[in-house]
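# Structure at a glance
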Amino acid sequence: MLSMFAPSRRRSRRVRATLRVCVAAALLSPCAAGERLARAADPPLRLAFGGGAAARWVAGQWLPAFPLELTLQPYPVVSASLGGVISDGTLAHGYVELGVYFGVSLGAGVGLGNYASPDGRASDTAFHVSVGLPIPFYPPTAIKNPMDLLDERWWGYLLPYYRPSWGPWPGAAHEVGLMLKASYLLSGSYGKLF
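So, here's what we can say about the structure. What you are looking at is a predicted structure, and each value in this text was computed from that prediction instead of being measured.

### A short note on the packing of aromatic side chains
Under the criterion given, the structure shown has 4 aromatic pairs. Considering the side-chain rings of Phe 49 and Trp 154, the 6.2 Å spacing of their centres and the 85° angle between planes classify their relative orientation as edge-to-face. Note that Phe 49 is positioned in strand β1 (residues 45-58) and Trp 154 in strand β8 (residues 154-166), a separation of 105 residues in sequence. We classify Phe 49 as partly exposed; its relative accessible area is 38%. With a relative accessible area of 42%, Trp 154 lands in the partly exposed category. An angle of 50° between the planes, with centres 4.7 Å apart, marks the rings of Trp 154 and Tyr 184 as tilted. Of this pair, Trp 154 sits in strand β8 while Tyr 184 sits in strand β9 (residues 172-187); the two residues are 30 residues apart in sequence, bridging distant segments of the chain. Judged by its relative accessible area of 27%, Tyr 184 is partly exposed. Here the aromatic cluster, defined as three or more aromatic residues joined through ring pairs, consists of Phe 49, Trp 154 and Tyr 184. For Arg 56, the ring lying beneath its charged end belongs to Trp 169, and the centroid distance is 4.8 Å.

Printed below as a string of structure tokens:
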């Protein structure tokens, strides 16, 4: 009865050969993965900085605003920013923000908000979300081949954005603006990752 279940010599050779191929593939795949990691060992890192003009709707009135921002981008889809919005003669909103980019830039952050209320100036924690649409304008070949743009040392872009925030001001403050930003490749190359 047991002889029915015992593999034949021919079958056992095939099984052993298949196992050898599987073991060889398993041993080689970490090498290939290691090679890919070695090629990407110099991770890309970009720094973008800029400023612009905006309008800020706070407590029923529009105020002019001037945003400033410094953004660190370790990968094409992830960013961390430090920024501030000057409005009503003071720093109305200072923040740190984490963002992602998939054609549209989405972010959320926390910081300090200042508001000139009828009872005096109020300062407190502020939270915000943001959505923006980066539009590259330099180098001129950016429209033809956007992937080459990632490896350019310098490039510039316009960033129309909308940022609602909640802080010491009554309700939400709505900010709509346009920033002009320059991006600089500090190290690495995005092309090594693709």
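Now that the structure has been shown, we can carry on.
### Thoughts on the nonpolar core
One finds Ala 48, Ala 54, Ala 65, Val 85, Tyr 95, Trp 155, Tyr 157, Leu 159, Tyr 161 and Met 179 forming the largest nonpolar core, which totals 10 residues. When contributions to this core are tallied by element, the ones reaching two or more residues are β1 and β8. A per-element tally of this core places β8 first, with 4 residues. Apart from residues lying up to four places away in sequence, Tyr 95 is in contact with Leu 68, Glu 69, Ser 81, Leu 82, Gly 83, Gly 84, Val 85, Val 110, Gly 111, His 128 and Arg 163. Of all hydrophobic cores here, the second largest spans 5 residues; its members include Val 58, Tyr 115, Ala 126 and Trp 169.

### Looking at the pairing of β9
Bridging between β1 and β9 involves 13 bridges; their strand directions are antiparallel. The residue of β9 that forms the bridge with Ala 53 is Leu 178. Examined bridge by bridge, β8 and β9 share 13 bridges and lie antiparallel to one another. When the bridges of β9 are listed, Ser 165 appears paired with Ala 173.

### Considerations on the pattern of salt bridges
Tallying each qualifying case throughout the model produces 4 salt bridges. Across the pair Glu 69 and Arg 163 runs a salt bridge whose closest N-O atoms are separated by 3.8 Å. Pair noted here: Glu 69 is in strand β2 (residues 61-75) and Arg 163 is in strand β8, with a separation of 94 residues, a long-range link. Note that Lys 181 is salt-bridged to Glu 69, the shortest N-O span being 2.8 Å. Placement of Lys 181 in strand β9 and of Glu 69 in strand β2 is noted, with a sequence separation of 112 residues between them. Classification of Glu 69 as buried rests on a relative accessible area of 8%. The structure contains a network of salt bridges with shared partners spanning Arg 56, Glu 69, Arg 163, Glu 175 and Lys 181.

Each value, and the rule that gives it
Residues numbered from 1 in each chain as written. Predicted model: local features only at pLDDT ≥ 70, side-chain atom pairs only at ≥ 80, totals over all residues. Heavy atoms only, no water. Phe/Tyr/Trp six-rings, centres within 6.5 Å; stacked < 30°, edge-to-face > 60°. Helix = DSSP H or I, 4+ residues; strand = E, 2+ residues; numbered from the N terminus. Buried < 20%, exposed > 50% of the residue type's maximum accessible area, 1.4 Å probe, protein only. Lys NZ or Arg CZ within 6 Å of the ring centre and 35° of its normal. Core = buried A, V, L, I, M, F, W, Y, C linked by side-chain atoms within 4.5 Å. Contact = heavy atoms within 4.5 Å. Pairing = 2+ DSSP bridges. Salt bridge = Lys/Arg side-chain N within 4 Å of Asp/Glu carboxyl O.

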